[in-house]
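Each chain, written out:
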Amino acid sequence: MHVYDRHREASISTGGDVALESLANLALHLTLDLQAGHDFYDHAFASTALKIPYVALNYKIFEKVLSEDTLKVLTIIQHHRSHVPTTLLLSFRYQEHVPAGERRALLLGTVWPHFLPFVSRWVDVTSYRVLCRIRIAILTDRVANTGEPVQYTTSAVDTTSCFYHVKTFWRHLAWPDPCSSYTMLVKMIESMSGAADYYVYLLQQRLHTLATDTQEDERAQQLCITVNNMEHVRHSLTLLKEELQIDQVTQILDSQDPRGSGTTYTDHVTSLLLAGLGNLDSKIAGSMSPVADKMRQELQKDVFHLAWSPDSLPAEEAVRPLLERLYASLATYSAALLKNNLDRLLHLLWLAVLNALTEQIGKDTDEKQEAFFVRLYDALRLLREFFHAHGRGLDNNTLMGEEYSFLERQLRLHKTPTDSLIEAYHLERLLEQERTEGTEYGSLFVRVYFNHDSLCVEVLQARNVIPLDPNGFSDPFVVIELLPKRLFPGSGPQQTNVHKKTLHPLFDECFEFPASLESCQAEGAMILFTLMDHDVITCNDFGGEAFLSLNTIPGVASSASVDNFHGLKPIELNLMFQKDPDNIILKVLETRTNDKMAMDFVKKQKERIAKPI
């Protein structure tokens, strides 16, 4: 105890900063003593029959004799912003060895509020010093000898080292209060995200100056090193959540939050981290975009030759020049870039290829044959395999993004025969029917069942039909068709009688269609009900349509005969208009000007598009 007595006399006989420094020295000796006890004696005492908690007992002894002097010194310094040595702050973390139920009795465990202003100031001062350190690191930059094949420079190592020291100190501090801890964690996240952004900005400035006075090979090498530096620093931010033990704090606060709704503490911190990482991702990709921009023109030429190759040339041969150019252009970068950076470059090139292909299918579509789209569709698959590189390149989620999905569907539809496209369109309408809830165009009540190789359709009534005549009424009738026609070749359309001047016609008519059970059970088998307004002089007006799947009707779903037809519950179908004037299937069919089936279908469907209000 002679060490304690000597430092105790110094701490109480002085004032201000001197007293604080003396107390810090005392805390340092006690901390070292406790650490030694933890390393050499604690396990030995705990393993005895008495299971003596050596460190906990010693901490309570030191805490009791030290608490009086600590509170005296804190009273002296609490009215001015003296610098608090970190050794004094770190000394309190040994209370974690004391059982949780006994910590409330520890006097030192209650003094942390006195240190809060100083810890907050430490965060601010450290943030400024990190920025200064980054600036110096850029000025004294040199290639880092990491022993790894991918090179980056010492500035990246220096920057992440700054972050590491901040995170290490905070973890050792083990700040006891979740609320103030959260506030400082947010400040540290914002500080380190801002420092990383500043570092990337300085690298971008340096890269810009090099771009005008260096050779192409040297520029490529400098670009690789620069973006690797950026990625090295960005990666360190991805570790913040774990290394700062953020979840432990936010989960406590979320459990104590009386609101129980809105943005949680965890959500807020996560959004801060994602915003910082997203900003860096964008800037790194922006630094690499000149490479993709330079390659884009050559890629467009290769895509043009791919698209307009002879129909007799297989897709594997037609796409080969494009793949060879990509392989040659990526050779330098694949060897020098970190994986994330290589993926960024691959993604930029992938988007460039997709855009070039999309441009080709949009030019002179009327003149293109089915073989044109088949070749591009097969080439797209080969290109996706190239960029995936058996799992070493882009993952499937990145490859099959929005741009790919749009292009793939365009090519798939363009290479699909007209009759298959018409079936696909009707399937879309059937799915839309099942999602439709509103009755703005009225509704139709029907009863449908299958019995003895015959499909029976009862059209019962319609309600709230839209008025299509000048008198405020309609002259409605219903046309019934079985689709697709290839499944029901002997079943032509049938229609009800016309009902004059009404918006609520009572049809009550029954129709029979010859059909087999297998046809009704086939995928896509359906009935199309089209309500029309009869006109004597002009063409009949479209009043709405409804679709009913045959897979669910009695006699088909159960594969059993229906005995009590009239006991079946009527089905209410909401009448629909096509509300998408740019429907992609109709747009594709519209390009087939030499195909009578396609032109007739498009003309018919255009009459069923809802007019803008």
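Structure shown above.
Residues numbered from 1 in each chain as written. Predicted model: local features only at pLDDT ≥ 70, side-chain atom pairs only at ≥ 80, totals over all residues. Heavy atoms only, no water.

**Remarks on the overall build of the chain**
Consideration 1: In terms of regular secondary structure, the chain is built from 22 helices and eight strands.
Consideration 2: Counting across all 613 residues of the chain, residues that qualify as buried make up 46%.
Consideration 3: The contacts of the chain with a sequence gap of at least 6 include a subset with a gap of at least 24, amounting to 73%.
Consideration 4: Accessible surface for the chain amounts to roughly 31800 Å². Of this, 54% is attributable to carbon and sulfur atoms. (Helix = DSSP H or I, 4+ residues; strand = E, 2+ residues; numbered from the N terminus. Buried < 20%, exposed > 50% of the residue type's maximum accessible area, 1.4 Å probe, protein only. Contact = heavy atoms within 4.5 Å. Areas by Shrake-Rupley, 256 points an atom, 1.4 Å probe, with all protein chains shown as cover.)

**A word on the packing of helix α7 (residues 154–173) against helix α9 (residues 216–238)**
Consideration 1: Between α7 and α9, whose axes approach to 9 Å, the crossing angle comes to 10°. Taken as axis vectors, α7 and α9 run roughly parallel relative to one another. Each of Ser 155, Ala 156, Val 157, Thr 159, Thr 160, Phe 163 and Lys 167 in α7 lies in contact with α9, whose residues at this interface are Asn 229, His 232, Val 233, Ser 236 and Leu 237.
Consideration 2: Residues of the contact of α7 with α9, tallied by class, amount to five nonpolar, six polar and one charged. (Axes fitted to C-alpha atoms, helices over the stretch in contact; angles between N-to-C directions. Parallel < 35°, antiparallel > 145°, perpendicular 65-115°, else oblique. Nonpolar A, V, L, I, M, F, W, Y, C, P; charged D, E, K, R; others polar.)

**A short note on the packing of aromatic side chains**
Any pair of aromatic rings gets described here by the distance separating the centres and the angle formed by the planes.
Consideration 1: All told, the structure shown has ten aromatic pairs when counted by the stated rule.
Consideration 2: Aromatic pair Phe 372 and Phe 373: ring centres 5.0 Å apart, planes at 85°, arrangement edge-to-face. The exposure classification of Phe 372 matches that of Phe 373, with both residues buried.
Consideration 3: Judged by centre distance (5.5 Å) and plane angle (85°), the ring pair of Tyr 425 and Phe 601 falls under edge-to-face. Remark: Phe 601 occurs in helix α22 (residues 596–606) and Tyr 425 occurs in helix α19 (residues 418–435); sequence separation between them is 176 residues. The exposure classification of Tyr 425 matches that of Phe 601, with both residues buried.
Consideration 4: Just above the ring of Tyr 377 sits the side chain of Lys 415; from NZ or CZ to the centre is 4.7 Å. (Phe/Tyr/Trp six-rings, centres within 6.5 Å; stacked < 30°, edge-to-face > 60°. Lys NZ or Arg CZ within 6 Å of the ring centre and 35° of its normal.)

**Some words on the sheet that holds strand β8 (residues 571–574)**
Consideration 1: With antiparallel pairing, four strands are arranged side by side in an open sheet as β5-β2-β1-β8. On the outer flanks of this sheet lie β5 (506–514) and β8, each paired with one strand and no other. Adjacent strand axes in the sheet meet at a mean angle of 30° when their direction is disregarded.
Consideration 2: Inspection of the sheet shows strand β1 (residues 443–450) paired to β8 by four bridges, in the antiparallel sense. Paired with Leu 444 across the strands is Leu 573, a residue of β8. (Pairing = 2+ DSSP bridges.)

**Some words on a nonpolar patch on the surface**
Consideration 1: On the surface, Phe 40, Tyr 41 and Phe 45 cluster together into a nonpolar patch covering about 340 Å² of accessible area.
Consideration 2: The residue Phe 45 is located in helix α3 (residues 42–46) in this model. (Patch = residues over 30% accessible without salt bridge, like charges linked within 9 Å, V, L, I, M, F, W, Y side chains within 5 Å. Salt bridge = Lys/Arg side-chain N within 4 Å of Asp/Glu carboxyl O.)

**Some words on the pattern of salt bridges**
Consideration 1: On inspection of all chains with the given rule, the structure shows 30 salt bridges.
Consideration 2: With its nearest N and O atoms 2.5 Å apart, the salt bridge here joins Asp 293 to Arg 296. Of the two residues, Asp 293 and Arg 296 both sit in helix α12 (residues 265–307), three residues apart, roughly one turn of that helix.
Consideration 3: For Asp 293, a relative accessible area of 43% puts it in the partly exposed group.
Consideration 4: The salt bridge partner of Arg 375 is Asp 311, with a shortest N-O separation of 3.3 Å. Residue Arg 375 is found in helix α16 (residues 370–388), and its partner Asp 311 is found in the loop between α12 and α13 (315–318); the two are separated by 64 residues along the sequence.
Consideration 5: By relative accessible area, Arg 375 is classed as buried at 5%.
Consideration 6: Classification of Asp 311 as exposed rests on a relative accessible area of 51%.
Consideration 7: Connected through salt bridges with shared partners, the residues Glu 231, Arg 234, Asp 281 and Arg 344 form a single ionic network.

**Some remarks on the nonpolar core**
Consideration 1: The biggest cluster of nonpolar side chains holds 90 residues, and the ones touching the most others in it are Trp 170, Leu 349, Trp 350, Leu 357, Leu 383 and Phe 387.
Consideration 2: With near-sequence residues (within four places) excluded, Leu 383 lies in contact with Val 319, Leu 322, Leu 323, Leu 326, Trp 350, Val 353 and Leu 357.
Consideration 3: Ranked by size, the runner-up nonpolar core spans 37 residues in total, among them Leu 482, Ala 525, Phe 542 and Val 556. (Core = buried A, V, L, I, M, F, W, Y, C linked by side-chain atoms within 4.5 Å.)

**As for the pairing of strand β2 (residues 454–463)**
Two faces, one strand: in a regular strand the side chains alternate between the faces of the sheet.
Consideration 1: Of all ten residues making up β2, eight are buried, and the element is well covered by its neighbours.
Consideration 2: Two strands pair when backbone bridges link them, and β1 and β2 are joined in this way by eight bridges, in the antiparallel orientation. When the sheet's bridge partners are listed, Tyr 449 is paired in β2 with Cys 456.
Consideration 3: Here β1 folds back onto β2 in antiparallel fashion, the turn holding three residues, of which His 452 has a positive phi close to 55°.

**Considerations on the environment of Asp 453**
Consideration 1: For Asp 453, the location among the structural elements is in the loop between β1 and β2.
Consideration 2: What makes Asp 453 exposed here is its relative accessible area of 56%.
Consideration 3: Residues Asp 453 and Glu 518, spaced 65 residues apart in sequence, show a C-alpha to C-alpha distance of 9.9 Å.

**What about α22?**
Consideration 1: Residues of α22 that are buried include every one of Ala 598, Phe 601, Val 602 and Gln 605, and no others. Projected onto a plane normal to the axis of α22, the buried residues spread over an arc of 100° and lie on a single side. Residues of α22 that are exposed and point more than 90 degrees away from the buried face comprise Lys 596 and Lys 603.
Consideration 2: Looking at where α22 begins, the residue whose side-chain oxygen comes 3.1 Å from the main-chain nitrogen of Met 597 is Asp 595. (Arc of directions from axis to C-beta. Polar contact = N/O pair within 3.5 Å; in protein donor to acceptor, adjacent residues only side chain to side chain.)

**A short note on the pairing of β5**
Consideration 1: By the alternation rule, side chains of β5 split into Phe 507, Glu 509, Phe 511 and Phe 513, which are all buried, and Leu 506, Asp 508, Cys 510, Glu 512 and Pro 514, of which none is buried.
Consideration 2: Of the strand pairs in this sheet, β2 and β5 are connected by seven bridges, and their pairing is antiparallel. Note that in β5 the partner of Cys 456 across the bridge is Glu 512.

**Structural notes on the sheet that holds strand β3 (residues 476–483)**
Consideration 1: Taken in spatial order, the four strands make up an open sheet running β4-β3-β6-β7, and their pairing is antiparallel. A single partner strand is all that each edge strand has here, and the edge strands are β4 (494–495) and β7 (541–549).
Consideration 2: Relative to strand β6 (residues 526–533), β3 is paired through eight bridges, and the arrangement is antiparallel. Bridge pairing in β6 places Val 478 opposite Leu 531.

**Topic: the environment of Lys 485**
Consideration 1: Looking at where Lys 485 falls in the secondary structure, it is placed in the loop between β3 and β4.
Consideration 2: Lys 485 gets classed as exposed once you look at its relative accessible area, which sits at 59%.
Consideration 3: Along the backbone, Lys 485 and Asp 419 are 66 residues apart, and their C-alpha atoms lie at a distance of 9.5 Å.

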